[in-house]
Amino acid sequence: MPEIAEVARVTHYLRQHLVGKKIKKVTAPDDTNVFGKVGTSGPAFEKALAGRKVVGAGSQGKYFWLQLDKPPHPVMHLGMTGWVHIRGQQTAYTRYAERTKGEAEVWPPRFWKFQLETEGKGEDDKTEVAFTDARRFGRIRLVDCPGADIRSHSPLVENGPDPVVDRDVFTEEYLRTKMRSRHVPVKALLLDQAMISGIGNWVGDEIMYQAKLHPEQYSDDFSDEDIAKLYKAATYVCDTAVGVLGDSDRFPADWLFQHRWGKGKKDHPTALPTGEKIVFITVGGRTSCVVPSVQRKTGKATVSDTKEEVQALKEQEGTQEEDGGGKVESKFFQSKGKSRATKSKAQPPAKTTSNGTVGKRKAIKDEEVDVPIENTKKARKAPSSKEEDDVKPDVQKRASKKGKSNDEKAALPVVDAGGRRRSGRLSGKMA
């Protein structure tokens, strides 16, 4: 899906080739998805743009628009496969660029939803633009307001600040406030367009990797230091990607982006050049690319690692076997982080409760000592005598439902298949 960098690229080409020109002709066959689902139609779009002069172009996150000399103004979203093509220009560089047949350019390109042509004295002076969308998840609407107020109207007003365009709003304090006000996996928060505009799946993964933080950790469970790292990574990734207009060939060589596309592909590398393993997990309903040895969970309440993450850590960091032939565990699980239970021979001092019993779980909590998970499961508070009395009737009731006790069964005569009675313990021989 096109994200902040791809939208910035489209906006750049529209400014370069369309702004300042008058639209001579517009063709927009009606599409109930692309136009209809946002309250307009192809004919309405044609009428709004024909004869108008383009005075500006802008973007906010995944949305972009053309500002005309008279409202309404077209506001667009590329969806999953949308793109804007300009005849004679290579605006795209990926699958969106598929509008050629051999060496010849095919115009209009396949799957076009509208095309327009500007006035010009000659062929070299006019501009032809086409919006394409193979899967029809893109959206084209008309916003009826003064051009300067486009961002104050729906759908832009419901979206959060753009990390590049709105740096005066998107500050470290803004990010901290939003993270502390929600209890969701941090990547889910980054992908929420109402929080931040323009961050999609690959940009979110890159931000988390550059910050060396785990996408599953809850947003309200980060320290101020980690939030500062996340903010720095977000601005760095977005600024860099937008600065090169989304041209991935110009992305830094140490970016996760350069190595993340191997999921499900045969013979494709599943590790960074450094040997660190890449795994894929689901966060907030979206597939996320993670390097477990780099992106470790540091929060107090974290989700358990997936089998793929555990395996990657074992392969990356090696294994260590306990003395006496114990089970093998990764060094990662022997870290001192309080976010997960670890192996520890040191047991916390026992604490006596008001009724004289020892509460091991309470002692563990008070002393904040990391103990093995299996020990914490066994650490149960011994019931008091009153509690035991309360439990006995229930136990007896359950036993009665199950039928005769073992002693009662032993006292009954045993009859073999021939009808003869046997007594004593069943030994496999006839009495």
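For the chain, an unreviewed UniProt entry supplies the name Formamidopyrimidine-DNA glycosylase catalytic domain-containing protein and the organism Pestalotiopsis fici. As stated in UniProt under Catalytic activity (unreviewed entry), the record for the chain gives "Hydrolysis of DNA containing ring-opened 7-methylguanine residues, releasing 2,6-diamino-4-hydroxy-5-(N-methyl)formamidopyrimidine." UniProt's Sequence similarities (unreviewed entry) comment on the chain is quoted here verbatim: "Belongs to the FPG family."

1. A look at the nonpolar core
Residues M179, I199, V203, I207 and L230 are the most contacted members of the largest nonpolar core, which totals 35 residues. Put simply, the parts of the chain that give this core at least two residues each are α1 (4–17), α3 (172–180), α4 (186–191), α5 (201–211) and α6 (224–243). Among the elements that take part in this core, α6 stands out by supplying nine residues, more than any other. Both of domain 1 (4–158) and domain 2 (172–290) provide at least three residues apiece to this core. If we skip the residues at most four places from it in the chain, I207 touches L190, I199, L230, A233, A234 and V237. Among the nonpolar cores identified, the runner-up in size contains 29 residues, and V7, V26, I86 and L116 belong to it.

2. Details of the sheet that holds strand β3 (residues 63–68)
Strand order in the open sheet made by the four strands is β2-β3-β4-β10, with antiparallel pairing throughout. Sheet topology places β2 (54–60) and β10 (139–143) at the edges, where each strand pairs with a single neighbour. Averaged over all adjacent pairs, the angle separating strand axes in this sheet is 20°, with direction ignored. Pairing analysis gives five bridges linking strand β4 (residues 73–77) to β10, with the strands arranged antiparallel. Note on β10: the bridge partner recorded for V75 is R141. Where α1 meets the sheet, its contacts fall on β2 and β3, and the angle it forms with β2 comes to roughly 170°.

3. Considerations on the packing of aromatic side chains
Under the criterion given, the structure shown has ten aromatic pairs. With centroids separated by 5.8 Å and ring planes inclined at 20°, the aromatic side chains of F114 and F131 adopt a geometry described as stacked. On the criterion of sequence distance, the pair formed by F114 in strand β8 (residues 112–118) and F131 in strand β9 (residues 128–133) is long-range, its members being 17 residues apart. F131 shares its class with F114; the two are buried. Geometrically, the ring pair formed by F251 and F257 is edge-to-face, given 5.0 Å between the ring centres and 80° between the ring planes. The class of F251 is buried, set by a relative accessible area of 5%.

4. Focus on the sheet that holds β8
The strand order across the open sheet formed by four strands is β1-β8-β9-β5, and the pairing between neighbours is antiparallel. Bordering the open sheet on either side are β1 (23–27) and β5 (82–86), each of which pairs with just one other strand. Shown here is a sheet whose adjacent strand axes are inclined to one another by a mean of 15°, direction ignored. Bridge analysis of β8 against β9 gives five bridges, and the strand direction is antiparallel. In the strand pairing of β9, Q115 is matched with A130. Each of β5 and β9 is contacted by α1, which is oriented at about 25° to β5, the strand it contacts most. Lying on the sheet, helix α2 (residues 42–49) is in contact with β1 and β8; it crosses β1 at an angle near 180°.

Parameters at a glance
- Residues numbered from 1 in each chain as written.
- Predicted model: local features only at pLDDT ≥ 70, side-chain atom pairs only at ≥ 80, totals over all residues.
- Heavy atoms only, no water.
- UniProt positions renumbered as here; feature names shortened; annotations may be inferred.
- Core = buried A, V, L, I, M, F, W, Y, C linked by side-chain atoms within 4.5 Å.
- Buried < 20%, exposed > 50% of the residue type's maximum accessible area, 1.4 Å probe, protein only.
- Helix = DSSP H or I, 4+ residues; strand = E, 2+ residues; numbered from the N terminus.
- Domains from an automatic or database assignment.
- Contact = heavy atoms within 4.5 Å.
- Pairing = 2+ DSSP bridges.
- Axes fitted to C-alpha atoms, helices over the stretch in contact; angles between N-to-C directions.
- Phe/Tyr/Trp six-rings, centres within 6.5 Å; stacked < 30°, edge-to-face > 60°.

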